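Observations on the model geometry
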Amino acid sequence: GNSVTQMEGPVTLSEEAFLTINCTYTATGYPSLFWYVQYPGEGLQLLLKATKADDKGSNKGFEATYRKETTSFHLEKGSVQVSDSAVYFCALSPAQKLVFGQGTRLTINP
Amino acid sequence: DAGVIQSPRHEVTEMGQEVTLRCKPISGHDYLFWYRQTMMRGLELLIYFNNNVPIDDSGMPEDRFSAKMPNASFSTLKIQPSEPRDSAVYFCASSRGLSLRWFFGPGTRLTVL
């Protein structure tokens, strides 16, 4: 079946620290991979995506590379800001629906 | 574009009562999804529609839950009777074709006492 496993949170960092949130997946076929972000009290927003192996998705300083050999899609950012505090979800799409990981709560302290 | 609209934003009800959650997808989108978010289970897909037809309802917890999409601009998720374990945030999302772009509503926070 299709599933996503995310690094357990919560994660707390200081401003300007380097961020990595791990994500691995199990899928039949070659799904597209996504990172969504949820700010407090809001719905989910697409952060970035990659549709095939070795693709790198990037947005707002965040990056993730689709690694077929390790079935991973880790999220990274070189220097986090307080405004990055949110819950981050890794997801895959084998077809028309999204399958989400558990989410990782990130808190950035000034 | 108004985005995906959900109502109500918050609902508090008593066990045994009927609850109806509403969703208006983005105009032109032909897929509509209902998700439930809880601390224990994360984000679960309950059901999704294509062109108003239910395609996959395997995530619907039990017969107490039902969903309809009478037209392209409106969908409902009904719980009857509601139970405390149904307390969660329910999200509606819509997408167009094979765009790989889903748009989520702000969610309805349901509390069943």
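If you're wondering where the values come from, they're calculated on a predicted model, not measured in any experiment. (Residues numbered from 1 in each chain as written. Chains lettered and ligands numbered in written order. Predicted model: local features only at pLDDT ≥ 70, side-chain atom pairs only at ≥ 80, totals over all residues. Heavy atoms only, no water.)

Here the residue pair Gly 9 of chain A and Pro 10 of chain A is connected by a cis peptide bond, since its omega of -5° sits within 30 degrees of zero. With an omega of -10°, the peptide bond between Ser 7 of chain B and Pro 8 of chain B qualifies as cis. Topologically, Pro 8 of chain B is positioned in the loop between strand E1 (5-7) and strand E2 (10-13). Positive phi, normally seen in glycine, also occurs at Asp 54 of chain A, with a value near 75°. Note on Asp 54 of chain A: relative accessible area 53%, which makes it exposed. The phi angle at Asn 51 of chain B is positive, at roughly 50°, despite the residue not being glycine. Checked against the element boundaries, Asn 51 of chain B lands in the loop between strand E5 (42-50) and strand E6 (53-56). (Helix = DSSP H or I, 4+ residues; strand = E, 2+ residues; numbered from the N terminus. Buried < 20%, exposed > 50% of the residue type's maximum accessible area, 1.4 Å probe, protein only.)

Moving on to the pairing of strand E11 (residues 108-112) of chain B. Residue and element names in this part refer to chain B. Across the two faces of E11 the burial differs, with Thr 108, Leu 110 and Val 112 buried and Arg 109 and Thr 111 not buried at all. Two elements, E2 and E11, share four bridges in a ladder whose sense is parallel. Each bridged residue has a counterpart across the sheet, and for Glu 11 the counterpart in E11 is Leu 110. Two elements, strand E9 (residues 88-95) and E11, share three bridges in a ladder whose sense is antiparallel. (Pairing = 2+ DSSP bridges.)

Time to look at the layout of surface pockets. Here the idea is plain: a probe the size of a water molecule rolls over the atoms and shows the empty space left. When its volume is computed, the largest pocket comes out at roughly 850 Å³. Lining the largest pocket are 34 residues, with Val 87 and Arg 105 of chain A together with Gln 37, Thr 38 and Met 39 of chain B positioned closest to its centre. Listed by contribution, the elements that provide at least two residues to the lining of the largest pocket are strand E1 (3-6), strand E10 (86-93) and strand E12 (104-109) of chain A together with strand E4 (31-38), E9 and E11 of chain B. Taken together, the residues that form the lining of the largest pocket break down as 14 nonpolar, 15 polar and five charged. Empty space within the second largest pocket amounts to approximately 260 Å³. For the lining of the second largest pocket, the secondary structure elements donating two or more residues are strand E11 (99-100) of chain A together with E5 of chain B. (1 Å grid on protein atoms, 1.4 Å probe; cavity = no way out; pocket = protein on both sides within 12 Å on 5 of 7 lines; lining within 4 Å. Points joined across faces, edges and corners; volume = space filled by probe spheres on them. Nonpolar A, V, L, I, M, F, W, Y, C, P; charged D, E, K, R; others polar.)

Next up on the list: the sheet that holds strand E8 (residues 62-65) of chain A. Residues and elements named next belong to chain A. Judged by pairing direction, the sheet is antiparallel, and its four strands sit side by side in the order E3-E9-E8-E7 without closing on themselves. Lying at the two open borders of the sheet, with one neighbouring strand each, are strand E3 (19-21) and strand E7 (56-59). Within the sheet, the average angular offset between the axes of one strand and its neighbour, ignoring direction, is 15°. Both E7 and E8 contribute to a ladder of four bridges, which runs antiparallel. Following the sheet pairing, Gly 57 is matched in E8 by Ala 64. (Axes fitted to C-alpha atoms, helices over the stretch in contact; angles between N-to-C directions.)

Contacts between the two partners involve 19 residues from chain A and, on the opposite side, 24 residues from chain B. Around 1700 Å² of area is buried between chain A and chain B when both sides are counted, 56% of it from carbon and sulfur atoms. Three residues stand out in chain A for area buried against chain B, namely Leu 44, Gln 96 and Lys 97 of chain A, and they jointly supply 37% of the buried area on that side. Counting across the interface, chain A meets chain B through one salt bridge. The partner of Asp 56 of chain B in a salt bridge is Lys 97 of chain A, and the shortest N-O contact between them spans 2.9 Å. (Contact = heavy atoms within 4.5 Å. Buried area = accessible area lost by both parts, 1.4 Å probe. Salt bridge = Lys/Arg side-chain N within 4 Å of Asp/Glu carboxyl O.)

Turning next to the pattern of salt bridges. Throughout the structure, instances matching the rule amount to twelve salt bridges over all chains. Here Glu 63 of chain A ties to Lys 56 of chain A by a salt bridge, and the two come within 3.6 Å at their closest N and O atoms. With a relative accessible area of 35%, Glu 63 of chain A lands in the partly exposed category. Given the relative accessible area of 51%, Lys 56 of chain A is considered exposed. Taking the shortest distance from any N to any O, the salt bridge between Asp 84 of chain A and Lys 77 of chain A comes out at 2.8 Å. Beyond isolated ion pairs, a larger network of salt bridges with shared partners links Glu 62, Arg 64, Glu 83, Arg 85 and Asp 86 of chain B.

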